[in-house]
Amino acid sequence: MKMSLFGIPDPAVWLAYVGCIATIAFSVIWTIVKNKEVPEDD
Amino acid sequence: MTEGVDLTTFVIMAVLFIIATLALGYYGYRNTRDSDEFLLGKNKASPVIIALSYGATFLSASAVIGFGGQAAVHGASLMWLCFLNLALGVVFAFIVFGERTRKLGAKLGASTFADLLGKIFKSKGIRMFTAIIIIVMMPIYCAAVLKGGVNSLAVITGLDYNLMLLVLSLVVALYVVYGGIIAVMYNDALQALIMLVGMVTIFAVTIGTLGWDAFGQLTELTISGTIQQTNVLPGANGWTEFPTIFSPEWWTVLSTFILGVGIGALTQPQLVVRFMSSKDNRSLNKSMIIGCVFVFIIVGIAYTVGAMSNLYFFEEYGVNAIQHVTSGTDFIIPTFITDIFHGFTFGDLFVSLFLVSLISASVSTISALMHTIGAAGGYDVYSAYVSKKTGKETDVKSLGVNRSVTMVMMILVVLYCYLMPSDIIAKATSVFMGMTAAALLPAYAHALYSKNPNRKAALYSIIAGSAVYLFWALFVNKGTSIFLPICKLLTGNQVLFDGTIMYVDALVVALPVSVIVMAISILLTKKNASVSQASVTE
């Protein structure tokens, strides 16, 4: 049986929402890590 | 459709918006002393301004009303386009392309996208070809965005189309021509904030009216056969299920809407310039987070609300969105918003806020496009002309020429608006982004990452990508061949072949061809170089 999310039964559709949230989380982590490494006015 | 719109409220808000826009235009004018500041405005913008400017330029009214309307027809599968907009259009673009573009741009002293490619490949031909693609194709996209935005506003408010077209074009022309990139970016940021407030309000009201389980209700109604998805191709499975794999609907949703626009965003010259305006990589990284959140809110809400609007129209009128809004997909979102806010306290104010958001979305994209077109003509082409005339290789940075070319191109864009068919915002966006990706993406990636950029390989890839894209778009794909019906004139048929192939977007074919041509050209050049090296050694 397919798992539904936000009332959307098809994972091929709701995974897009999950992907968006994961992408935002990735951008935050990347910036924190990279900005520690990169000097200002590189 | 003027029901639900209080013209007095709208006109007051629109006038305030225009005053703020012109004030920021004046700020740009005061800070634009030379052509460098007109083209890049380097170090004049903070990460927040760059992020909001990138986001607002990226998303035109097309994202909200064009693709929001498409989501109402094709369903929430279009959220994959939102994902690609974030993952490719923002994160990948900033990390893989942004940092290197900024560094190389600064090192080579490049001021435009065409200039950057030309300087990396040391090729006047590549610079001219890129500038010509911008000058020829971008005004069509710009006109589609302008016409789409103004048309929707005219229908919703009942105000005169010609008057609105004139006022909007004049406002954009004034602040772009005099304020340059500084005015464009600061105005983009203001317009992005207006879009944010507008879209969040719309989402809150939609969820408040339909409930968090709107998609669940829509799914149940679809499965029971109470409501049916119409105006779709064979293979569609309702608004909350992905279309059947390899069906005509699957090809249309995946290749035209999701891939065409998702990948196309990577090589938008007007976006590349934002990287070059950034102070350093730390600022770029910060811009990336803000850009991500902004794009997710605007696009995610537009597509979610678009798909959910079917439940609203069914509950109110017993039909789905496109059955109720017969004037076309571009009018589904505006109709839904004026309808849903009807009877709400301060409903008039919110409808007017949505309309100003719509103006903001259109104007932010148009201004960035006009600036890019003006720079391509007033800097890239003009430099080539002066170099040829004087016989000396030179970059001519003239503020006056940039301003004049921008003004002339704005007039041309307004003329285009009268020649184009209506209801084409989403398709025109898809065509422009697909064409630029097929032509420029492999060359751009090669330019940034190769130690020895191969000029011939880049040129062949650009030519092959452009040629295959144009052929496929005009002769094979049914959706895009309507733009310029050459196939019909020559053969009597709208497209050359029947069957599923006519739903495959040109980008899906043209981009791999462009990549393959580049790879083969690089390999052949290396082989020839080793043969010549061997004969020299002998």
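Shown above is the structure to which this text applies.
Residues numbered from 1 in each chain as written. Chains lettered and ligands numbered in written order. Predicted model: local features only at pLDDT ≥ 70, side-chain atom pairs only at ≥ 80, totals over all residues.

1. Describing the overall build of chain B
Convention followed: Segments assigned H or I by DSSP are reported as helices when at least four residues long, segments assigned E as strands when at least two residues long, and all are numbered from the N terminus. Computation of the radius of gyration draws on C-alpha atoms, with the globule rule given as 2.2 Å multiplied by the number of residues to the power 0.38. Labels follow a simple rule on C-beta atoms placed from the backbone: if 20 or more others lie within 10 Å of a residue's own, it is buried; if 12 or fewer, it is exposed; otherwise it is partly exposed. This entry defines residue contacts through backbone-placed C-beta atoms, with two residues in contact when those atoms are within 7 Å.
Looking only at helices and strands, chain B features 20 helices and zero strands. For 538 residues, the compact-globule estimate of 2.2 N^0.38 gives 24 Å, and chain B sits close to it at 23 Å. The principal-axis extent of the C-alpha atoms belonging to chain B is close to 85 × 55 × 45 Å. A burial count over chain B gives 61% of its 538 residues as buried. Residue pairs in contact within chain B that sit at least 24 positions apart in sequence constitute 81% of those at least 6 positions apart.

2. Section: the nonpolar core
All names here are of chain B. Put simply, the rule reads: The nonpolar core criterion groups buried Ala, Val, Leu, Ile, Met, Phe, Trp, Tyr and Cys residues into a set whenever they are joined through C-beta atoms within 7 Å.
Formed by 207 residues in total, the largest nonpolar core has its most connected members in Ile298 and Ala302. The element contributing the most residues to this core is helix H8 (residues 161-210), with 22 residues. Beyond its immediate sequence surroundings of up to four residues, Ala302 is in contact with Ala63, Val64, Phe67, Gly68, Met199 and Ile333.

3. Concerning the packing of helix H7 (residues 124-157) of chain B against helix H15 (residues 347-390) of chain B
All names here are of chain B. Our working rule: Think of each axis as a best-fit line through the C-alpha atoms, taken over the contacting stretch in the case of a helix, with angles from 0 to 180 degrees between the N-to-C directions. Any angle that is under 35 degrees is reported as roughly parallel, and any over 145 degrees as roughly antiparallel; angles of 65 to 115 degrees are reported as roughly perpendicular and all others as oblique. By the definition used in this description, the sense in which the near helix is turned from the far one sets the handedness, with an anticlockwise turn below a right angle giving left-handed and a clockwise turn giving right-handed. Each residue gets one of three labels, nonpolar for Ala, Val, Leu, Ile, Met, Phe, Trp, Tyr, Cys and Pro, charged for Asp, Glu, Lys and Arg, and polar for the others, Gly among them.
Their axes nearest at 8 Å, the elements H7 and H15 cross at an angle of 155°. The angle between H7 and H15 places the two elements in the roughly antiparallel class. In terms of crossing hand, the pair formed by H7 and H15 is left-handed. Of the residues belonging to the contact of H7 with H15, the class tally is 22 nonpolar, seven polar and three charged.

4. Notes on unusual backbone geometry
Residues and elements named next belong to chain B. Residue Lys122 is not a glycine yet carries a positive backbone phi of 50°. Within the element layout of this structure, Lys122 appears in the loop between helix H6 (113-121) and H7. On the basis of neighbour counts, which here come to 11 C-beta atoms within 10 Å, the residue Lys122 falls in the exposed class. In this structure, Asn231 takes a positive phi of about 60° despite not being glycine. Along the polypeptide, Asn231 turns up in the loop between helix H9 (214-223) and helix H10 (248-264).

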